Structures are given as structure tokens and as C-alpha cells.
Amino acid sequence: MQRLDAIKHIVICSIFLAASFAAGASTLVHNVTGYTMNGGKLVRFAALEFDQGRVTRLYANAEELASSQADTRIDGQGATLLPGLTDAHGHVQNHGLLLQSQNLLGSVSEEEAVQRVSAFIEQQPGQDWIQGRGWNQVLWAGNNFPTRKSLDALGADRFIVLKRVDGHAYWVNSAALEKAGIDKNTPDPAGGQIYRDAQGNATGVLIDNAMELVNRVIPPTTDEQMAVRLNLALNNLASFGLTGVHDAESRSQYVRVFQQLRDSGSMPIRIYAMLYILDPGNDKYLAQGPIIDPEHMLDIRSIKISADGALGSRGAALFEDYSDAPGQRGLLLLTDEQLTHHMSRAMKAGYQVNTHAIGDLTNDKVLDYYEVLVKQYNSGGLRHRIEHAQVFRPEDIQRVATGGFIASIQPTHATSDMNMAEDRLGEERLSGAYAWKKLLDSGAHLAGGSDFPVESPNPFFGLYSAVTRQDHQNMPAGGWLPQEKLSREIALSLFTEDAAYAAHQENVLGRLMPGYYADFILLRDDYFAVPEADIWKNKVLATYVAGKQVYNSALD
């Protein structure tokens, strides 16, 4: 792919922009500064026409625009127009649950987190199960994990379950531990850890597979409740300029409800579902084979496997010990036999395999198995993905490109993790960590996402992180591991045409060209003109999917 050279040139389209895909487009969006990526090249335009949900023509300038015969005209009032952005790795159900529960993001201490939970409990009279998400002990003095005792002070008449920011640990109270049957004699499950005190008692923190001990006793959500949650999430995501999401853990209930929303015409943005491979309810979809929606509102053709944990909770599996925890090397969530079994059955069914791999040991294993199984099942054309692709040994980076695999990255993870990544990995291992530029230079395909609700779903946060490698206070000066910075063009491609390629949708989504769906957003600021420091501050004015407006900031 010659994107790095092509991106140096801004292409002002003339001939093909003037060519109409279908005469007499019905709707014209004008008075805009328009941009789209097209095969790694930046295209500028002054107006866009669409009909029946698809782009029919772009106008390069006012002179060309005079020839428009559009029936309906939308005045963009000087806004910037970009292709709709796609998050290539998010968790829609978890985002909806966060919107319905206590948000602990940004809490600066265990005490503040408990205070937020206490305030939430006061607003939820009679609710037995109190859930929340977003705590991060790395931001607290001492960096120590919280304990059940601080939650027990809120009373013993409720079950409190609070998920860590990365989704790989629970912090629960004693009532929840008792409900789950966790006591001093409960062994650590395979791929999980029950944190214990000096006497061997559970402290209230459960890592990775140990979380399932609590999950199995949380009351199930009805389809009606799930529909409300997913619809809440999807509409919220549209407000950030997202026109599509690759849902990175679609359990069978979510898929069933997504299908109901799709069939009723009430799904505002597109879903590319990654079936959660450990959910037996998804076996029927594997047996059926890939399900491609003719309008690509709900495509079901990939599966999700989680192979290890996260760096922040020391669950990412490493070849060598954590630099700040001698003797710990993380957690492999599946045995080698289980991992290859699930990869094999997905490839055999014609499904793309998307494997969560954060640690260098896990990435090496996944590459090993992909290389063998792709040959066995002749499945290279399925574009198998590595989700997160955070820590590689330098010698493994080229293998991603050579194998034709996709590195699905989340730029905001780098700027969130930079406060602890070197502590966990040490300086030497950082050379292969969050190495987006190295991956691109190797010839690998990338796709961009956020991993919401681990991070904010706002794609402009991700674009900013990719370009600057800084937090929102513009720190560190020059960016963290600045050699891995990306250009604005490449960053935009990650969330548009590259995300579409990662979903086998590059012929209809990810670009604003004749024949492509009219998925676009109107913005307050010009993404290519504002100072780098202001990229994350942009505001979405309106979001359109297949030419239909699904969000308008004026209605907020």
C-alpha cells in the first residue's frame, strides 16, 4: 500500500468529481468545506449530492456547483463536512450500561469513587444491584487497588459491582462476594485472579475470568431492557459523529436485539458485529455463516476472542515479568487448545477472527496461530484482526503485514496508558509498544477505534491522540514516544476507509465518492486547519447515515 507517499499530495478532483453517478441527485449539501480520503489521498470538495442514500456527485468548486439540479438543498452554513467516522472497536452494550449506571471515570481517589457511588445509591431507591464503571487505581495516590471495606461502609443491603476502566477487573462489596460464593477457600479460576489479603481473604478485586463468578449471579437483562440500553447507546454515539461501530463483543442477546432494531428501522448507526465466541447462543450464527445486510446496517461476519487481560490491571500476558511486579507475567484467558479451537471453528465457518491481544506474549501466540490456521483453512481473504495490538517484540511487527492481518488500534489508549506503561514494561519493551508508525511502515493495515467505554467514544479524542501523542493538557511536550505520531490524513483514514476495509465494507463505506453511502458529519471546526492542540475540541453539528439525519446538535 503506497499510502504514505500518496498522502503527501492533496488532490483537487476535477474530472471524476464532475462525473455524476446518477443524473439529477435529489439532495445537495453546499456551503461546506468538504474532505474525504480516497485510497490514501485527501480529496477536497465544496458540495456533496446524494440520492436514495448514496453519494451521486461531489462538486470541487462554486463554478461546478452551478450545474446542480438537486431537488432539496441543505445549507451547511460554512461547516466542515467529513465522512461519517467509524469506531473499529467499541462495546455498545457496555456503553449503554455506563450511561445507565454510575460513571467513575476521572475519580482521583478511592474515597471519591465511593462518594460517587453513595450519591448514585441515593438516586436508586429500592435497587438491589448497584453497578458502575471507570475507576482506575493508577490515578490514585499509592496506585493501590481498592477494597471491599470502603464499599461495605455504604451498607450491606445492596450488591455493589464496579468495573475497572479497562473492563478487566471488578471492585465489589462483601455482599456481592457472598452472593457469588467467593470466600477464603475459593480457588482462582483459570485465567483469573481473586485478590487476597495477608490472611487469604478476598479483598473485593477480581481480575479477568474471576469476574465471571459475579457475572453469573447478576440478574439477567430482558430483551426489552436491552433494547432501551442499546438504543440509548447508539443515539449517544451518533452525537459524537460516529456513523458506525464494530461491536467488539456481541453476545447473542445483543445480536438478537440489534436485529430487532434493524428490522424496525430504529437503528440510527451501523453495527459490524463481532460475535462473542464463548457465548453458546452465537453458535447458530456460525452454523448459518456470515450474515451480510444488503444495506450494511447490521453485518455479522466476524467473531471476538479475548486472549489476555489488560496492561493496567497487569493482566496482559508478557514474555518477561512486569517491571513493577516481579513474578507476575499476566494472564492468558484461554489455553492454547481452546484458543486454536475457537479460531479454527470461526475460520471454517467463513468468519473473520478478531482476537484481543495486548501483551507481547499474546501477540506472538496469536500471530503463530493465525499463520498456521490461515494456511490450513485458506482463510487469508477474511482479513483476520488483532484487537489492540499494543505490545509487540520488535521482531513480530513485520509479521502483521506479512500475514495480511489487521492491527485494530485505539489511539487514546496510548495517551491514557502513558502514565503507567513504562512502569509496567520498562524502557526497553516500549520500543514495540503502541507502535502505530512502525506498523504502518511495515505495510500493515490498521483500523482506528476507542474501546469505549474504556475510553471516551469521541473519535476526535482518538484523532488528536494519533496526531499528537499528548493528553488534553498538551503533555508531554512533543508527545509520548513521538516517533509513532501519525499525520492528520492517516489518522482520518483509520476512522474512515481503513475501518471500512477492516469490515470488508471498503466498496460502500468509509469514503464520500459516487456510489458510496452518504454517511457524513458536519463540524464546527475544520479538522485540517485548526491547530493540533484543538483537534479534540471539535464539535459535531449533525450526523447523517445514508443521507438521513440521525443527530442534530440544535436538538440537544
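Cut-offs and rules
- Residues numbered from 1 in each chain as written.
- Predicted model: local features only at pLDDT ≥ 70, side-chain atom pairs only at ≥ 80, totals over all residues.
- Heavy atoms only, no water.
- Helix = DSSP H or I, 4+ residues; strand = E, 2+ residues; numbered from the N terminus.
- Rg over C-alpha atoms; globule rule 2.2 N^0.38 Å.
- Buried < 20%, exposed > 50% of the residue type's maximum accessible area, 1.4 Å probe, protein only.
- Contact = heavy atoms within 4.5 Å.
- 1 Å grid on protein atoms, 1.4 Å probe; cavity = no way out; pocket = protein on both sides within 12 Å on 5 of 7 lines; lining within 4 Å.
- Points joined across faces, edges and corners; volume = space filled by probe spheres on them.
- Nonpolar A, V, L, I, M, F, W, Y, C, P; charged D, E, K, R; others polar.
- Pairing = 2+ DSSP bridges.
- Axes fitted to C-alpha atoms, helices over the stretch in contact; angles between N-to-C directions.
- Phe/Tyr/Trp six-rings, centres within 6.5 Å; stacked < 30°, edge-to-face > 60°.

J.: Describe the overall build of the protein, and please don't skip the residues or the numbers.
T.: When its secondary structure is counted, the protein shows 20 helices and 25 strands. In terms of overall dimensions, the protein is globule-like: its C-alpha atoms have a radius of gyration of 23 Å, near the 24 Å expected for 556 residues. Along the first, second and third principal axes, the C-alpha set of the protein runs to 80 × 55 × 50 Å. Burial status across the protein gives 61% buried among its 556 residues. Counting contacts in the protein only where the partners sit at least 6 residues apart, residues at least 24 apart contribute 72% of the total.

J.: Outline the layout of surface pockets, listing residues and values.
T.: By volume, the second largest pocket amounts to about 310 Å³. Residue lining of the second largest pocket: 16 residues in total, with G265, M267, M297, V545 and K548 positioned closest to the centre. Put simply, the parts of the chain that give the lining of the second largest pocket at least two residues each are α10 (252-263) and β25 (548-552). For the lining of the second largest pocket, the residue count by class is eight nonpolar, four polar and four charged.

J.: Please provide a residue-by-residue account of the sheet that holds strand β5 (residues 47-51), values included.
T.: Here four strands make up an open sheet; going across it, the order is β6-β5-β2-β7 and the pairing mixed. Both outer strands of the open sheet, β6 (54-59) and β7 (72-75), are each paired with one neighbouring strand and no more. Averaged over neighbouring strand pairs, the angle between their axes works out to 20° when direction is ignored. Relative to β6, β5 runs antiparallel, the two sharing five bridges. Opposite D51, over in β6, you have R54 as the bridge partner.

J.: Before we move on, could you go through helix α14 (residues 394-402) and cite the residues and values that matter?
T.: Restricting attention to buried positions, one finds in α14 the residues D396, I397, R399, V400 and A401. On the buried face of α14, the contacting elements are α13 (360-377), β20 (385-388), β21 (406-409) and α17 (436-441). Immediately downstream of α14, the backbone of G404 shows phi near 75°, a positive value.

J.: Please give an account of empty space enclosed by the protein that cites residues and values.
T.: Summed over the entire model, instances satisfying the criterion amount to three cavities of 30 Å³ or more. Taken as a whole, the largest cavity holds about 160 Å³ of empty space. Residue lining of the largest cavity: 18 residues in total, with T86, G244, R270, Q505 and L509 positioned closest to the centre. Contributing elements (two or more residues each) for the lining of the largest cavity: β16 (242-250) and β17 (270-276). Classifying every residue of the lining of the largest cavity gives seven nonpolar, eight polar and three charged.

J.: Tell me about the packing of aromatic side chains, residues and numbers included.
T.: Using the criterion set out here, one finds 13 aromatic pairs in the structure. On the basis of an interplanar angle of 50° and a centroid distance of 4.7 Å, the ring pair of Y35 and F528 is categorised as tilted. Here Y35, found in strand β3 (residues 33-38), pairs with F528, found in the loop between β23 (520-523) and β24 (540-545); they are 493 residues apart in sequence, far enough to count as distant. An angle of 70° between the planes, with centres 5.9 Å apart, marks the rings of F461 and W536 as edge-to-face. Note that F461 is positioned in helix α18 (residues 459-468) and W536 in the loop between β23 and β24, a separation of 75 residues in sequence. Through successive ring pairs, a cluster of aromatic residues spans W135, W140, F145, W171 and Y195.

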